[in-house]
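Overview (structure and organization)
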Amino acid sequence: MSESIHRNHRKRMRERFWKQGLEGMLDHETLEMLLYFAMPRVDTNPIAHRLIHTFGSLHGALDASPSQLKEVQGMGENSVLLLSFLHELIRRYALDKNEQETKGIRLIDDETIGQYVVPYFLGMKEECMIVFAIDGKGRVMGVKEVSRGSVRTTEVNMRKIVEFALHSCAADLIIAHNHPGGKAVPSRQDMEVTIQIRNLLSNLGIRLRDHIVVVEKEYSSILSAMNKQKKEPLAEQE
């Protein structure tokens, strides 16, 4: 009897989705239905509630690491894999969409550059630095992640940046990194690293077009901040 009720509940959930999509579903119902694909014979409603309770929101559950997800009662290997895969799929979708919509675009100002680089940091939970090789007309020739962790590990970053720039035959480079959980405001350390990179590239005949700091959908240009506040030292990033 209970199995029949459970089966009918899933059928009703599917019918709701086909009629109205996710618009009429609560966050825990969205997770409940998603988990159907990993747990075909399990009542996923209480597991979905636990995920929301543990991580605070739908996006919190999707942003959680595999090790964090495994700590939630009822989350087995298949369900952890499903949520982790979906998280990476969302990021891949955003990058692919951004690449197609901006194909051939010229990155020639702060706004265009910022909007272009932001999708690369979608869902990033740790600090990451990404380098963009640019041709003489401002078009992207290649993209490479050069570090994860902290921009303070500049020795390794510098070598990778130079190797990528020379390999790509770049006329200019754009550097971008994120501040997870922080603000899209350049710190003193960001400026110091920017100066080192700019001087190193200049010796190779390559221009640093910009260095962007990203937090979720917000961004700011470190070079612009340096030019505007030469006489006003920036506060350390919290």
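This text follows the structure it describes.
Every value quoted in this text rests on a predicted model; they were computed, and no experiment measured them.

**Some words on the pattern of salt bridges**
Considering all chains together, one arrives at seven salt bridges under this definition. Residues participating in the shared-partner salt-bridge network are Glu 126, Glu 145 and Arg 148.

**Considerations on the packing of aromatic side chains**
What the rule picks out here adds up to four aromatic pairs. Here Tyr 120 and Phe 132 contribute two aromatic rings whose centre-to-centre distance is 5.1 Å and whose plane-to-plane angle is 85°, an arrangement assigned as edge-to-face. Remark: Phe 132 occurs in strand S1 (residues 127-134) and Tyr 120 occurs in the loop between helix H7 (110-117) and S1; sequence separation between them is twelve residues. Members of the aromatic cluster, joined through ring pairs, are Tyr 116, Tyr 120 and Phe 132.

**Here we look at the sheet that holds strand S4 (residues 207-215)**
Overall, mixed pairing links the five strands, which are arranged S2-S1-S3-S4-S5 in an open sheet. The two strands at the open ends of the sheet, each matched to only one other strand, are strand S2 (140-149) and strand S5 (218-221). Here the strands of the sheet are splayed against their neighbours by 20° on average, with no regard to which way each runs. For S1 and strand S3 (residues 172-178), the ladder comprises six bridges, and the chain directions are antiparallel. Looking across to S3, one finds that Met 129 is bridged to His 177. Strands S1, S2, S3, S4 and S5 of the sheet are contacted by H7, whose axis makes an angle of about 55° with S4. The sheet strands contacting helix H9 (residues 188-203) are S3 and S4, and the helix crosses S4 at an angle near 155°.

Rules behind the numbers
- Residues numbered from 1 in each chain as written.
- Predicted model: local features only at pLDDT ≥ 70, side-chain atom pairs only at ≥ 80, totals over all residues.
- Heavy atoms only, no water.
- Salt bridge = Lys/Arg side-chain N within 4 Å of Asp/Glu carboxyl O.
- Phe/Tyr/Trp six-rings, centres within 6.5 Å; stacked < 30°, edge-to-face > 60°.
- Helix = DSSP H or I, 4+ residues; strand = E, 2+ residues; numbered from the N terminus.
- Pairing = 2+ DSSP bridges.
- Axes fitted to C-alpha atoms, helices over the stretch in contact; angles between N-to-C directions.
- Contact = heavy atoms within 4.5 Å.

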